[in-house]
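These are the residues of each chain, in order.
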Amino acid sequence: MSALLEIERLEVGFGGRTSAVRGASLTVERGETHCLVGESGCGKSVTALAIMNLLARGGHRTAQRLTFQDEDLLKLDDRGMARLRGNAMAMIFQEPMTSLNPAYTIGSQMTEVMRRHKKVSQRVATDRAADLLGRVGITAPGLRLGQFPHQLSGGLRQRVMIAMALMCEPQLLIADEPTTALDVTVQAQILRLLAQLQRDLGLGLLLITHDLGIVARIAHRVSVMYAGEVVESAATAQLFADPKHPYTQGLLRCVPVPGKQRQDEPLGSIPGTVPRIGPGFEGCGFRDRCSFADATCAHTVPHQTAAPGHDYLCRLAP
Amino acid sequence: MTATTTLPAIELKSVGKTFRVSGGILGKDRHVVAVDGVSFAVAPGGVLGVVGESGCGKSTLARLILGLLTPDSGDIAVEGQRIVDMDRKARARLIQPVFQDPFSSLNPLTRVRDIVAMPLQAQGTFSRAEIAKRVDEMLERVGLPGEMGNRLPAELSGGQRQRVAIARALVLRPRIVVCDEPTSALDVSVQAQILNLLAELRRDLGLTYLFISHNLAVVEHVASEVAVMYLGRIVEKRPTQALFHQPEHPYTQALLASVLTPEPGLGVPDVGLGDVMPDPANIPPGCRFHPRCPVAEPRCSTQMPPLRPRPGGGVECLLAS
Ligand SMILES: Nc1ncnc2c1ncn2[C@@H]1O[C@H](COP(=O)(O)OP(=O)(O)OP(=O)(O)O)[C@@H](O)[C@H]1O
Ligand SMILES: Nc1ncnc2c1ncn2[C@@H]1O[C@H](COP(=O)(O)OP(=O)(O)O)[C@@H](O)[C@H]1O
Ligand code: SF4
Ligand code: SF4
Ligand SMILES: [Mg+2]
Ligand SMILES: [Mg+2]
């Protein structure tokens, strides 16, 4: 059986000027938490939006393969995508207020999603909504159903978003920085919840984040993105123990770890900044920041395999 | 001078600040308690880290110390001088801010060189040649040499903009810098560059920092002592090592437990806080943490915990001995 979600050589451009995603490949297996990690602007959100066919105007996607449960998403028309979205594949965004309508109660928004996709009564939908609010750790779900989004705290809204995404029992959940706007204590609660639901429901979870701490704690597999490309992909323990790409290695050195750091020593850092990349760019996107760069890095860089399931994009030998 | 006779760089005594927020047409006005009975002292050359959740009063504390807000009660002194008694120019020579958002804190129409020159010009005592020389030195010092000075903020990355903000803060050679989430808007690789720069500048220039962050790992790396804020109060303050190794307050423990270090296989811990959110317009009686405290006792909802002194600080919890 093929994977739940398969992406091969995804390209996304905006108006012929920016190449936001450049040949990114990744797969999400059933029951797997796959983290897509990378710095601001590297193309994580655009990848998610391209999968859901929700790119902003002017955005254009192409791919060698883009399938969900073996269905070719590139061939689906708008109606076909609308049938999947919020149903078999659901998405959670960083800022819940962008996807909650301030004019409707939590209850009506949650039941509407379900009634759009499934032939169920209002009663059944309301029961499911209350049940899911309870499951995501919200006390007094009955009361919450009647409230409006602005009456809830950020952490509660994000729980509501998760519950809403689960209304139609999706196979795939894409969560784009679902906890970045939250306090660390609330973040820990929400992530714990996501990990638990993922296990209990056997979801495929594509979790987008820039936080390596989150990746380490909940991912089964990690893909590291840099300047529009997936530069390394491996099982989580493998990636943290034996990163191959110089960018991944640098990134891991930058993260301050409580109890592990000497105060009088500087943190590891990666000099320079992410380059702006347009169409026609060639070679390794990391080369002006890489201490291993040589002349060959300005030309096409090979995909290499360090171990089964551990791939990276760099000229350096494993 | 010995440590005991040195004036603290920053000293707060029972400082309080409450905001009145209009309740709209029907609602009653609400009183938001942002800072409540805060006292501490920071020794010259020290770095006090301040941590706590969003809305707990960290930025209000920063603005009070900078003299941008007036406290309702208590006293704030910087190098022995009451901040409210100082005129703006004198204050600017002594204490300077670096704020979180490098995108909104710089005028988009002003070139980098002129942004950094502004505090010198405002003093009215520096010649043009002297200003030019100091600005060049400062830009070089923060890693923005040469033509970078001629750019506009929009032509810089987030990290470079934060370097401009640091240059602007240091160009008057102040003694104290208040950093309010200076790296929160930045990516980790750039955050590391900026933290290293701040550490180097502090060492070389003998600065004192008040360093606000919600990122405990960052605070551990830069601070010599740490204050944990909860709903306007400092509930625990200790030297950094002690706080990170033997946190005493249940809230400090929960905060530390929430830090997801990049260690695969550990999973996400249960921090045991439930879904009640703190509301600064509605401070609970007794210990203000009791609605979320996993080890609260009945007396915690009526009795206000006293400060239990500890070396270099103290803890406010009824269970602390
Ligand atoms: N000018 C103001 N008028 C009314 N309320 C205010 C004002 N400034 C701050 N507050 C309120 O005071 C409380 C403390 O705010 P403050 O900005 O100090 O929090 P913080 O700890 O810096 O939070 P964050 O981590 O989100 O930056 C909050 O409830 C805030 O909404
Ligand atoms: N609507 C758009 N129009 C033009 N460029 C865009 C648009 N959305 C994103 N981009 C660009 O695509 C790149 C990747 O963005 P994004 O996927 O949002 O990054 P992140 O990894 O932070 O989620 C960035 O250079 C961004 O500026
Ligand atoms: S391909 Fe070259 S520049 Fe790119 S990461 Fe590898 S060594 Fe560095
Ligand atoms: S005083 Fe009581 S409620 Fe407050 S922190 Fe201590 S144990 Fe918890
Ligand atoms: Mg994004
Ligand atoms: Mg703040």
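Residues numbered from 1 in each chain as written. Chains lettered and ligands numbered in written order. Predicted model: local features only at pLDDT ≥ 70, side-chain atom pairs only at ≥ 80, totals over all residues. Heavy atoms only, no water.

## Notes on the overall build of chain A
The condition is simple: In this text, helices come from DSSP runs of H or I with a minimum length of four residues, and strands from runs of E with a minimum of two, each type numbered from the N-terminal end. Our radius of gyration looks at C-alpha atoms and nothing else; its globule reference is 2.2 Å times the residue count to the power 0.38. Exposure is judged per residue with a 1.4 Å probe applied to protein chains only, and the accessible area is read against the type maximum: over 50% gives exposed, under 20% gives buried, and values in between give partly exposed. Any two residues whose heavy atoms approach within 4.5 Å at even a single point are treated as in contact. In this charge count, Lys and Arg are treated as positive and Asp and Glu as negative; neither His nor the chain ends contribute. Where a charge sits is defined by one atom per residue type, namely NZ (Lys), CZ (Arg), CG (Asp) or CD (Glu).
Helix and strand counts for chain A come out as ten helices and 13 strands. Against the 2.2 N^0.38 benchmark of 20 Å for 318 residues, chain A shows a C-alpha radius of gyration of 20 Å, consistent with a compact globule. The principal-axis extents of the C-alpha atoms in chain A amount to approximately 65 × 50 × 35 Å. Counting the 318 residues in chain A, one finds 53% classified as buried. In chain A, of all internal contacts separated by at least 6 residues, the share reaching a separation of at least 24 is 63%. Counting 34 positive and 30 negative side-chain charges, chain A places the centres of these two groups 5 Å from one another.

## Here's the deal with the interface of chain B and chain A
The line we're drawing: The quantity reported as buried area is the accessible area (1.4 Å probe) lost by two parts once they are put together, taken as the sum for both. For salt bridges, the criterion is a side-chain nitrogen of Lys or Arg within 4 Å of an Asp or Glu carboxyl oxygen. Basically, the charged four are Asp, Glu, Lys and Arg, the nonpolar ten are Ala, Val, Leu, Ile, Met, Phe, Trp, Tyr, Cys and Pro, and anything else, Gly included, counts as polar.
At the interface, 42 residues of chain B touch 48 residues of chain A. When chain B packs against chain A, the two sides together hide about 3700 Å² of surface, and 59% of this comes from carbon and sulfur. One can count zero salt bridges joining chain B with chain A. Where the side of chain B that touches chain A is concerned, the elements lending two or more residues are helix H6 (188-205), helix H7 (216-222) and helix H9 (250-258) of chain B. It is H6(B) that provides the largest number of residues to the side of chain B that touches chain A, a total of eight residues. A class-by-class count of the residues in the side of chain B that touches chain A yields 21 nonpolar, 14 polar and seven charged.

## A closer look at the site of ligand 4
Counted only if it meets this: The near set for a molecule or strand comprises every residue that places at least one heavy atom within 4 Å of it.
Near ligand 4 you find B:His249, B:Pro250, B:Cys287, B:Phe289, B:His290, B:Cys293, B:Val295, B:Ala296, B:Cys300, B:Cys317, B:Leu318 and B:Leu319, and these make up its full shell. Its residues placed into classes, the shell around ligand 4 shows ten nonpolar, two polar and no charged.

## Quick notes on the pattern of salt bridges
All names here are of chain B. By the definition in use, this model includes 29 salt bridges over all chains. For Glu 200, the salt bridge is made with Arg 141, and the minimal N-O distance between the two is 3.3 Å. Residue Glu 200 is found in helix H6, and its partner Arg 141 is found in helix H4 (residues 128-141); the two are separated by 59 residues along the sequence. A residue is classified by how much of its surface remains accessible, and Glu 200, at 34% relative accessible area, is partly exposed. If you follow the salt bridges from partner to partner, you end up with Glu 236, Arg 238, Glu 248 and Arg 310 in one network.

## Topic: unusual backbone geometry
Even without being glycine, A:Ala227 reaches a positive phi, approximately 45 degrees. Within the secondary structure, A:Ala227 is located in the loop between strand S10 (221-226) and strand S11 (229-235). Judged by relative accessible area, which is 8%, A:Ala227 ranks as buried. Within the chain, B:Glu79 stands out as a residue other than glycine whose phi angle is a positive 45 degrees. Relative to the assigned elements, B:Glu79 resides in the loop between strand S4 (73-78) and strand S5 (81-82).

## Topic: the site of ligand 3
If you check the shell around ligand 3, you find 13 residues, and the closest are A:Cys284, A:Cys290, A:Cys297, A:Cys314 and A:Arg315. Classifying every residue of the shell around ligand 3 gives ten nonpolar, one polar and two charged.

## Remarks on the domain arrangement of chain A
Residue and element names in this part refer to chain A. This is how the line gets drawn: Domain start and stop positions are those given by an automatic or database domain assignment.
When cut into domains, chain A gives domain 1 (5-88 + 171-313) and domain 2 (98-169). A C-alpha centroid distance of 29 Å is found between domain 1 and domain 2. Each partner contributes residues to the interface: domain 1 has 18 residues there, and domain 2 has 14 residues. Both faces considered, domain 1 and domain 2 share a buried interface measuring about 1300 Å² in area, 63% of it formed by carbon and sulfur atoms. When the buried area of domain 1 at its contact with domain 2 is split by residue, Asn 87, Leu 193 and Leu 197 rank highest and sum to 35% of it. Measuring nitrogen to oxygen at the nearest pair gives 3.7 Å for the salt bridge that ties Arg 135 to Asp 200. Looking at the side of domain 1 that touches domain 2, the elements with two or more residues in it are helix H2 (78-84) and helix H7 (184-201). Per-element accounting of the side of domain 1 that touches domain 2 gives the leading share, eight residues, to H7.

## Focus on the sheet that holds strand S9 (residues 225-230) of chain B
Residue and element names in this part refer to chain B. We apply this condition: By definition, two strands form a pair when at least two bridges between them are found by DSSP. Helix axes are fitted only over the stretch in contact, all axes being lines through C-alpha atoms; the angle between N-to-C directions runs from 0 to 180 degrees.
Across the sheet, which stays open at both edges, the eight strands sit in the order S6-S7-S8-S3-S9-S10-S12-S11 with mixed pairing between neighbours. In the strand order of this sheet, the two ends are held by strand S6 (95-98) and strand S11 (308-310), each with one partner. Neighbour-to-neighbour, the strand axes of the sheet open up by a mean angle of 25 degrees, direction not taken into account. As paired strands, strand S10 (residues 233-239) and strand S12 (residues 313-315) are joined by two bridges and run antiparallel to one another. Residue pairing in the sheet places Glu 236 in a bridge with Val 315 of S12. Most of the contacts of helix H5 (residues 158-170) go to S6, to which it runs at about 175 degrees, and overall it touches S6 and strand S7 (176-180).

## Observations concerning the sheet that holds strand S7 (residues 89-92) of chain A
Residue and element names in this part refer to chain A. With mixed pairing, the eight strands of this open sheet are ordered in space as S7-S8-S9-S3-S10-S11-S13-S12. Each having just a single partner strand, S7 and strand S12 (303-307) make up the two edges of the open sheet. Averaged over all adjacent pairs, the angle separating strand axes in this sheet is 20 degrees, with direction ignored. Looking at chain direction, S11 and strand S13 (residues 310-313) are connected through two bridges and run antiparallel. Bridge assignment links Ser 233 to a residue of S13, and that residue is Asp 311. The strands touched by helix H6 (residues 154-165) are S7 and strand S8 (172-176); relative to S7, the strand with the most contacts, the crossing angle is about 175 degrees.

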